[in-house]
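Listed below, chain by chain, are the residues.
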Amino acid sequence: MKLGDAARATRSVLVDRPATVLPAFLAGVGVALVAQSVPLVGVALAFAVLLGSGRIDRFLETVRRVDVEPTDGVSDATASTLADAVLALFTPTTVALLLGSAAVGLVAFLVARAFVGAAQVHAVVSALEGATDSRPMAAGVEGASADGWTFLGLGVARALALLAPTVAVGALATVAANGGGLAAGLVLFVAVLAWLPLTFAVYLLFAFAPQAIVLDDAGVVEAVKRATGFVRREPGRVVGYLVVAFGAVVATGAAAVGFQALGVGSLLQVAVAFLVAPTLGVLKTALYLDPRDPGPPTAVAGPAERGATGAATDAVGEPSNGATETGESVDATVARRTPTDGSGRGSLADAFRRGWRELVGFVAARPGLVAAALGLFAVGVAGGWTAARPYSTPVPGSVSENVFGRLPIDTFVSLTANNWTVAISTAYAGLGFGVPTAVNLLFNGALVGGIVGLGSDPVVLAALVVPHGVVEIPALSVAAALGLHLGGAAWSYVRGRTSADALAGELVRTYYVLLGLLPLFVVAGFVEAFLTWWVASLVA
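Residue positions are given per chain, counting from 1 as you read along its sequence in written order. For a predicted model such as this one, the threshold for reporting local features is a pLDDT of at least 70, and the threshold for listing and counting side-chain atom pairs is 80 or more; totals across whole chains, interfaces and linings nevertheless cover every residue. Hydrogens are left out, water is left out, and the side-chain values use all remaining heavy atoms of the structure.

**Student:** Describe the packing of helix α13 (residues 348-365) against helix α19 (residues 500-539), with residues and values.
**Tutor:** Between the N-to-C directions of two axes lies an angle of 0 to 180 degrees, each axis being a line fitted to C-alpha atoms and, for a helix, fitted only over the stretch in contact. Strands here mean DSSP runs of E at least two residues long; helices mean DSSP runs of H or I at least four residues long; both are numbered from the N terminus. At their nearest, the axes of α13 and α19 sit 7 Å apart, and the two run at 100° to each other. Classed by the angle they form, the pair α13 and α19 counts as roughly perpendicular. Only R509, Y512, V513, L515, G516, L517, L518 and L520 of α19 make contact with α13, whose side of the interface consists of A351, F352, R354, G355, W356, E358, L359 and F362. Split into classes, the residues belonging to the contact of α13 with α19 amount to 11 nonpolar, 2 polar and 3 charged. Note on angle classes: values under 35 degrees are labelled roughly parallel, values over 145 roughly antiparallel, values of 65 to 115 roughly perpendicular, and the remainder oblique. Contacts between residues were defined by any pair of non-hydrogen atoms, one from each residue, lying within 4.5 Å. Lys, Arg, Asp and Glu make up the charged group, whereas Ala, Val, Leu, Ile, Met, Phe, Trp, Tyr, Cys and Pro make up the nonpolar group; the residues left over, Gly among them, are polar.

Below, the structure is given as structure tokens:
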């Protein structure tokens, strides 16, 4: 599509039918939690090893014996003692656990990002073609199954290609530093100047490759070739996208500065998840959707229409001979599609009303799952409290005044946005068969339990948690129950026991339940910012 048509199609999808694609983009929020869950397990195992061997006790005893005077600073002997105590924690076993879990976490991130990326492009294509309800998400589920590993290969190739200019400049910098002289300095200067355009050129080579994989049914190498050809043949559309993307980056940066100045930095995560990422994703796909005019319309094979080798097949199931009736290559043309006409626009209030209904229905239908999520959190709290209680210490400060200020509107907004983002990531990370959601529940529970256990007055610390926690913790537990439910649905799908349409329906329902949870996080954020300190001061 031309830029104007693509912009109108993007608006039509995101404004008129946001539920058709937003679940796929919100799943992207959960990718970081999927990757984070593995190192968290590594840290927990390393801590358990150190605790069992007594090294934690010896480390804390060393810290207690050290006498540090704020006015005199740390002496060389004290610094050496502390350094030895810290190094004693890094045994071969703990180092192996930490490094191994970090490596596995990186692999998990790459795999999850690739499959979510494939789902996003497939869902967007379906939505742009006019599909409604949960059908675009079903196309995304099918597309992730068909193209997820190809997207992973593309991601690895892109990372290596982007790394090459940096490695080259680093090597030249090393040579220049060792050689010295004016000539070496000039070489380094030229190399640094060349780094930016080289990196930008690599970015352009790969920019539209995901769309080529989906729309041209291409592998990694062929997709890069198609994307490069698109950049060469359609410079106007590419420049238009780059201008929009650059504007989005500048606007996001300005918003980040503004939000931080206002004390509501967490709002940026919500803006990126619901606005920036979906807009750029849908726009880029719309621009690539009909990039070449010659030749009659031809159908692009969907995941279910591909042969065993992944190649497109013709109407009778035979591999395409790669040519149209005019003799033109099928691979040189993409099905002509028209911008989606928006219809049936629902109001934001309607979306939240449906969200509340879906929330009530989900809790009523699966109270056991919500209880299981609460139970996992409670197990984490008990574990954290048990581990931290022997090392309790007086908590400095006073609860006689609100630490957030007299009118903490910024804190209220930031807490609400952060809790909602956590709920979104917790729910959609459950697509990793529920494991990341369970790990996150246990970790957050251990964190809360550890904080309460470290305090010398658990009653006051509990008063700092309970007022807003009675709303926040159940709401987060519902989000976690959603994640566990999605994990079961995803497991059933990969085992062939449920359909893509059924899993897509759960993804869309999760989106609406998360909308229904937002008012609860608003209440919890208000209580925490304005009232929790007052309750704590009464029991202090």
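**Student:** An account of the packing of aromatic side chains is requested, with residue identities and associated values reported.
**Tutor:** Each pair of aromatic rings taken from Phe, Tyr and Trp, with Trp reduced to its six-membered ring, is defined by centres within 6.5 Å and is described as stacked if the planes are under 30 degrees apart, edge-to-face if over 60, and tilted in the remaining cases. Inspection of the entire model under this criterion finds 12 aromatic pairs. A ring pair is formed by F208 and F230, whose centres lie 4.7 Å apart and whose planes are at 55°; its orientation type is tilted. Of this pair, F208 sits in the loop between α8 (181-207) and α9 (209-215) while F230 sits in helix α10 (residues 220-233), and the two are 22 residues apart along the sequence. Three labels apply to residues, based on accessible area from a 1.4 Å probe with only protein chains included: buried if under 20% of the type maximum, exposed if over 50%, partly exposed otherwise in between. Since its relative accessible area comes to 1%, F208 is described here as buried.

**Student:** An account of the pattern of salt bridges is needed here, citing residue identities and associated values.
**Tutor:** Side chains that differ in charge, positive against negative, can pair when their charged atoms come close. Only one rule defines a salt bridge in this text: a Lys or Arg side-chain nitrogen within 4 Å of an Asp or Glu carboxyl oxygen. Considering all chains together, one arrives at 9 salt bridges under this definition. E234 serves as the salt-bridge partner of R237, at 3.4 Å between the closest nitrogen and oxygen. The shortest N-O distance in the salt bridge between E358 and R354 comes to 3.5 Å. In this pair, E358 and R354 are both assigned in helix α13, 4 residues apart and thus about one turn of the helix distant. A cluster of three or more residues bridged by salt bridges with shared partners is formed by R135, E142 and D501.

**Student:** For the environment of T20, give the residues involved together with the corresponding values.
**Tutor:** Mapping T20 onto the fold places it in the loop between α1 (3-16) and α2 (22-29). Considered as a pair, T20 and A131 are 111 residues apart in the sequence and their alpha carbons are 8.2 Å apart. Contacts of T20, omitting those with residues within four sequence positions, involve V13, A123, A127, A131, T132, D133, P136 and M137. One polar contact links the side chain of T20 to the main-chain carbonyl oxygen of R17, over a distance of 2.6 Å. For this analysis, a polar contact is any N or O atom pair within 3.5 Å, provided that within protein one partner can donate a hydrogen and the other can accept it, and provided that sequence-adjacent residues contribute only side-chain to side-chain pairs.

**Student:** I'd like to hear about the nonpolar core, residue by residue, with values.
**Tutor:** Here is a general trend for soluble globular proteins: nonpolar side chains tend to be buried in one another's company. In terms of nonpolar packing, the biggest core is built from 48 residues, with W420, Y428, Y511, L514 and L517 touching the most fellow members. The element contributing the most residues to this core is α19, with 13 residues. Among residues more than four places away in sequence, those in contact with L514 are W420, A423, I424, A427, Y428 and L482. Side-chain atoms within 4.5 Å are what join buried Ala, Val, Leu, Ile, Met, Phe, Trp, Tyr and Cys residues into a set we call a nonpolar core. V124, A212, V224 and V231 belong to the second largest nonpolar core, which has 44 residues in total.

**Student:** Which residues make up the environment of A245, and what values go with them?
**Tutor:** Along the polypeptide, A245 turns up in helix α11 (residues 235-262). Considered as a pair, A245 and A277 are 32 residues apart in the sequence and their alpha carbons are 10.0 Å apart.

**Student:** Outline the side chain of T94, listing residues and values.
**Tutor:** Here T94 shows up in helix α6 (residues 92-128). Taking relative accessible area as the criterion, T94 reaches 2% and is therefore assigned buried. For T94, the side chain forms a polar contact with the main-chain oxygen of L89, separated by 3.0 Å. Residues contacting T94, with those up to four places away along its chain left out, are A46, V49, L50 and L89.

**Student:** Before we move on, can you summarise the confidence of the model for the protein chain with the specific residues and values?
**Tutor:** The pLDDT value expresses, per residue, how confident the predictor is, ranging between 0 and 100. Overall, the prediction assigns the protein chain a mean pLDDT of 83, with 83% of residues at 70 or greater. Throughout residues 291-344 the model reports pLDDT below 50, and contacts reaching past four residues in sequence, or to other chains, amount to 90 contacts.

**Student:** Tell me what's going on with the side chain of S126, and back it up with residues and numbers.
**Tutor:** If you trace the backbone, S126 turns up in helix α6. S126 sits in the buried class, given a relative accessible area of 10%. Leaving out residues up to four positions away in the same chain, S126 has contacts with A131, R135, P136 and A139.

**Student:** So what's going on with α11? Which residues, and what values?
**Tutor:** How far a helix is expected to stretch is found by multiplying one less than its residue total by 1.5 Å. Here α11 is 28 residues long and its end C-alpha atoms lie 40 Å apart, about the 40 Å a rise of 1.5 Å per residue gives. Of all the positions in α11, only R237, V238, G240, Y241, A245 and A248 are classed as buried.

**Student:** Give me the lowdown on the packing of helix α12 (residues 267-289) against helix α15 (residues 409-428), citing residues and values where you can.
**Tutor:** Close contact between α12 and α15 brings their axes to 8 Å; oriented N to C, the two are set at 45°. When the axis of α12 is compared with that of α15, the two are oblique. Note on element contacts: α15 touches α12 through V413, A417, N418, W420, T421 and I424, opposite L267, Q269, V270 and F274.

**Student:** Tell me what's going on with the environment of A500, and back it up with residues and numbers.
**Tutor:** As for its position among the elements, A500 is in helix α19. Linking A500 and R135, residues 365 residues apart in sequence, is a C-alpha distance of 9.2 Å. Leaving out residues up to four positions away in the same chain, A500 has contacts with A138, V141, E142 and Y493.

**Student:** Describe in detail unusual backbone geometry, supporting the description with residues and values.
**Tutor:** With a phi close to 50°, D217 is a non-glycine residue in the positive phi region. Position of D217 relative to the elements: it lies in the loop between α9 and α10. Backbone geometry places F433, a non-glycine residue, at a positive phi of 60°. Among the structural elements, F433 can be located in the loop between α15 and α16 (435-454). Residue F433 is classed as partly exposed on the basis of its relative accessible area of 44%.

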